[in-house]
Structure formats: C-alpha cells, structure tokens
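Survey of secondary and tertiary structure
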Amino acid sequence: MDHQSTIRTALMGLVALGVAASVGAADKPANAKEKCYGVSKAGQNECAAGKHSCAGTSKVDNDPNAWKLVAKGTCEKMNGKLAPPKT
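The paragraphs below set out a description of the structure included in this document. (Residues numbered from 1 in each chain as written. Predicted model: local features only at pLDDT ≥ 70, side-chain atom pairs only at ≥ 80, totals over all residues. Heavy atoms only, no water.)

**As for the packing of aromatic side chains**
What describes a pair of aromatic rings is the distance from one ring centre to the other and the angle between the planes of the rings. The cut-off we apply is this: Each Phe, Tyr or Trp ring, with Trp reduced to its six-membered ring, pairs with another whose centre is within 6.5 Å; inter-plane angles below 30 degrees give stacked pairs, above 60 give edge-to-face pairs, and intermediate values give tilted ones. Remark: a charge is flagged as sitting over a ring if the NZ atom of Lys or the CZ atom of Arg is within 6 Å of the ring centre and within 35 degrees of the ring normal.
The tally for this structure, following the rule as stated, stands at zero aromatic pairs. Looking at Lys-35, its charged tip hangs above the ring of Trp-67, at a distance of 4.5 Å from the centre.

Below, the structure is given as structure tokens:
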C-alpha cells in the first residue's frame, strides 16, 4: 500500500467512527426531560399544572399537583412522582 492509500484508509475509518458515534447518540438525547410532580418550589411550577392555569402560580413548596421538568431519571431521587395524584 502506498502512502496516499494509507492516509485515505485512515480517514475513511475516522469518518465511519464518527457516523457510528452520532447514530448511538441519537438513541438517548442528552437533554431528555420528564414531568416531576411535587418537587417544585412556590412560584416555580411549569404551565397548566393541576389546579394552576399558568407557570409560576403555585403558592406552596412541593405541591403534589404542580410539576416541573427535570432531567430524565432524577424525579424519584428528589422524592417526586412521575404521575399526578389521583383525585
């Protein structure tokens, strides 16, 4: 193999690795979020949460009807719930 063929083969390998890495990254978005009920502080809930009509209208901390977007997989670690309370 001559010098130019070696370089071409190495570059093709790097391109293949880059494509493979980008395909794997698409399976799990880095910014995945989920609704977490009962963890927002007063005035920090997301819009249309339970009894509230808009964001920032919760009057108490950790209102079980108010939700906040958190990183996927962290809600239950914060003692939150992934579903609203049953009425």
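**What about unusual backbone geometry?**
Condition: Strands here mean DSSP runs of E at least two residues long; helices mean DSSP runs of H or I at least four residues long; both are numbered from the N terminus. Exposure categories follow from relative accessible area, calculated using a 1.4 Å probe and restricted to protein chains: below 20% of the type maximum is buried, above 50% is exposed, and the middle band is partly exposed.
Even without being a glycine, Asn-62 presents a positive backbone phi close to 55°. Note on placement: Asn-62 falls in the loop between strand E1 (33-37) and strand E2 (67-71). Backbone geometry places Asn-79, a non-glycine residue, at a positive phi of 65°. Looking at where Asn-79 falls in the secondary structure, it is placed in the segment after E2. Owing to a relative accessible area of 69%, Asn-79 belongs among the exposed residues under this scheme.

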